[in-house]
There are 2 protein chains.
Amino acid sequence: MKIGELAKQSGLTAHTLRFYEKQGLISPSTRSQSNYRLYSQQDLSTAKFIKRSRTMGFSLEEVEVFLSIRADKPAHICADAKDIAQQKIIDVQQKIEELQQVLVALHKLSDACCGGGESAEFCSIIDALDDSENTVTSNTTNIQEGVV
Amino acid sequence: MKIGELAKQSGLTAHTLRFYEKQGLISPSTRSQSNYRLYSQQDLSTAKFIKRSRTMGFSLEEVEVFLSIRADKPAHICADAKDIAQQKIIDVQQKIEELQQVLVALHKLSDACCGGGESAEFCSIIDALDDSENTVTSNTTNIQEGVV
DNA sequence: TTAGACCTTAGAGTATAGTCTAAGGTCAAG
DNA sequence: CTTGACCTTAGACTATACTCTAAGGTCTAA
Ligand SMILES: [Zn+2]
Ligand SMILES: [Zn+2]
Ligand SMILES: [Zn+2]
Ligand SMILES: [Zn+2]
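Residues numbered from 1 in each chain as written. Chains lettered and ligands numbered in written order. Predicted model: local features only at pLDDT ≥ 70, side-chain atom pairs only at ≥ 80, totals over all residues. Heavy atoms only, no water.

**Focus: the overall build of chain A**
This is how the line gets drawn: Helix numbers and strand numbers start at the N terminus; a helix is a DSSP run of H or I with at least 4 residues, a strand a run of E with at least 2. Note on contacts: a residue pair qualifies if any of its non-hydrogen atoms lie within 4.5 Å across the two residues. All accessible areas in this document rest on Shrake-Rupley with a 1.4 Å probe, and a residue is counted as covered only by the protein chains that are shown.
If you tally the helices and strands in chain A, you get six helices and two strands. Listed N to C, the secondary structure of chain A is α-α-β-β-α-α-α-α in terms of helices and strands. Taking as baseline every contact in chain A between residues at least 6 positions apart, the subset at least 24 positions apart corresponds to 40%. Summing over all exposed atoms, chain A offers an accessible surface of approximately 8,200 Å²; the carbon and sulfur share of this is 50%.

Right under this line is the structure:
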């Protein structure tokens, strides 16, 4: 099949497939007389493999390793694959924790602000982002704000 | 104070401060005879404001809006600031949910693999990333894998 | 006076993963 | 035999936020 067909069947775009080829992830089995890329069913399954891996959060570099394991399984061991997955789990967990901390901070920031149409003269958001000297941790200066 | 001092006191680098200046976020109050940037205490508090905003997860574009509110509070209303914070909360929550889904999928992927030194011939990670036709959702083909 | 720390600028490079364009070649159908 | 869909390439552009370099000027203290 030509690249457009592979794109349709894999859910990637032709552009992306050519880009992946440049990155060494997937190449057409053959070329037509007119130099069109021709892909096999094998190639389709590789394209889907890449897509699925990306969806799981793996980087192209990590996908490359998976592909090399997949290309020659007897030459690799389970640890090769699992190490990558485990590291990714750690990365994602850490990212989630970071975001959760950001979220808590954002809530603290946002909840104190009335969000109304009044002047931002005493807006607790702007105040809180300003020098912590003046940052209200719970409630003093900014009682003007609140649920008003 | 010169840029190096501001860098030290704000926790940003001189490079970053110049970059922020190019982006229109912060400019030195004056220049010395030798054209050195000279910053005031006001500038320091602005630099810290930016740093704090970035730490809260706001983009430079969003920080720019906060700065304009901060620069002329009476001209703005609380909603201006709160809208940004609320939207950021939504974005972060969505990102967290996405990552949690990825995490669940990663665990499913990783847990089924022994991670040992044996050949990857039947590695459930590689198998699962391959055609879903062969993807084991819970347990059949891949009993070879496991906690072995 | 000279070494070393600090400053200046424009502009290039880094990271990730695409996304798109220009200019042209190929192919099947009408 | 032409239209339109599809293909080719190299290379530029997008987004975000820095990060660094080169080549040079300034300042301070020994
Ligand atoms: Zn308010
Ligand atoms: Zn407010
Ligand atoms: Zn195993
Ligand atoms: Zn395995």
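**Observations regarding the protein's contact with DNA strand D**
Here is the rule we go by: Any residue with a heavy atom lying within 4 Å of a molecule or strand is counted as near it. Within 3.5 Å is the distance limit for a polar contact, defined as a pair of N or O atoms, with the added protein rule that one can donate a hydrogen and the other accept it, and that residues adjacent in sequence qualify only through two side-chain atoms. Throughout this entry, Asp, Glu, Lys and Arg are counted as charged residues, while Ala, Val, Leu, Ile, Met, Phe, Trp, Tyr, Cys and Pro are counted as nonpolar. The remaining residues, Gly among them, count as polar.
In the vicinity of DNA strand D lie 17 residues, with G4(A), R37(A), Y20(B), S34(B) and Y36(B) positioned nearest. Expressed as a percentage, the sugar and phosphate content of the atoms of DNA strand D within 4 Å of the protein is 72%. Contact distances for DNA strand D include 3.2 Å between a phosphate oxygen and a side-chain N or O atom of R31(A). Mapped onto the surface near DNA strand D, the elements with two or more residues apiece are helix 1 (3–10) of chain A together with helix 2 (14–22) of chain B. The element best represented in the surface near DNA strand D is helix 2 of chain B, accounting for four residues. Residue composition of the surface near DNA strand D, grouped by class: six nonpolar, six polar and five charged.

**Regarding the coordination of the zinc ion (ligand 4)**
Operational definition: Only nitrogen, oxygen and sulfur atoms qualify as donors, and only when within 2.8 Å of the metal (3.2 Å in the case of Na, K and Ca); with water excluded, sites may look incomplete. Relative accessibility decides the category of a residue: with a 1.4 Å probe and only protein chains considered, values under 20% of the type maximum give buried, values over 50% give exposed, and everything between is partly exposed.
In the first shell of the zinc ion (ligand 4), the protein supplies C78(A) (SG), C113(B) (SG) and C123(B) (SG), at 2.2 to 2.4 Å from the metal. In this model, the zinc ion (ligand 4) sits 3.6 Å from the zinc ion (ligand 3), the two metals being bridged by C78(A). Placement of the pair is C113(B) in the loop between helix 5 (78–111) and helix 6 (124–129) and C123(B) in the loop between helix 5 and helix 6, with a sequence separation of ten residues. Per residue, the accessibility class of C113(B) equals that of C123(B), and both read buried.

**A short note on the side chain of H76(B)**
Positionally, H76(B) belongs in the loop between helix 4 (60–71) and helix 5. Classification of H76(B) as buried rests on a relative accessible area of 19%. Reaching out from H76(B), the side chain makes a polar contact with the backbone oxygen of D72(B) at a distance of 2.9 Å. The residues touching H76(B), leaving out its near neighbours within four places in the chain, are E118(A), S119(A), A120(A), S68(B) and I69(B).

**Examining the side chain of S53(A)**
Mapped onto the secondary structure, S53(A) falls in helix 3 (residues 41–55). For S53(A), a relative accessible area of 0% gives the class buried. If we ignore the near neighbours within four places in the chain, the residues touching S53(A) are F58(A), V63(A), F66(A) and L129(B).

**Some points on the packing of aromatic side chains**
Residues and elements named next belong to chain A. Heads up, the rule is: When the centres of two rings from Phe, Tyr and Trp lie within 6.5 Å, Trp using its six-membered ring, the rings pair. Their planes under 30 degrees apart give stacked, over 60 give edge-to-face, and anything left gives tilted. The rule for a charge over a ring is simple: NZ of Lys or CZ of Arg within 6 Å of the ring centre, and within 35 degrees of the ring normal.
Throughout the structure, instances matching the rule amount to four aromatic pairs over all chains. Between the aromatic rings of F19 and Y20, the centroid separation amounts to 6.0 Å while the plane-to-plane angle is 45°, which identifies the pairing as tilted. Residue F19 is classed as partly exposed on the basis of its relative accessible area, which comes to 38%. Residue Y20 is classed as buried on the basis of its relative accessible area of 7%. Taken together, a centroid distance of 4.8 Å and an interplanar angle of 90° make the contact between F58 and F66 edge-to-face. Residue F58 is classed as buried on the basis of its relative accessible area of 0%. A relative accessible area of 0% places F66 in the buried class. Lying over the aromatic face of F49, R70 brings its terminal NZ or CZ to 4.7 Å of the ring centre.

**Section: the environment of A7(B)**
Residue and element names in this part refer to chain B. With respect to the element layout, A7 can be found in helix 1 (residues 3–10). A7 sits in the buried class, given a relative accessible area of 10%. In this structure the C-alpha to C-alpha distance between A7 and D91, which are 84 residues apart in sequence, comes to 30 Å. Those residues in contact with A7 that sit more than four places away from it in its chain are L12, T13, A14 and L17.

**Details of the pattern of salt bridges**
Residues and elements named next belong to chain A. This is how the line gets drawn: A carboxyl oxygen of Asp or Glu within 4 Å of a side-chain nitrogen of Lys or Arg is what we treat as a salt bridge.
The tally for this structure, following the rule as stated, stands at eleven salt bridges over all chains. Residue E21 pairs with R37 through a salt bridge whose shortest N-O separation is 2.6 Å. In this pair, E21 sits in helix 2 (residues 14–22) while R37 sits in strand 2 (residues 37–38), placing the two residues 16 residues apart along the sequence. When salt bridges that share partners are traced, they join E21, R31 and R37 into one network.

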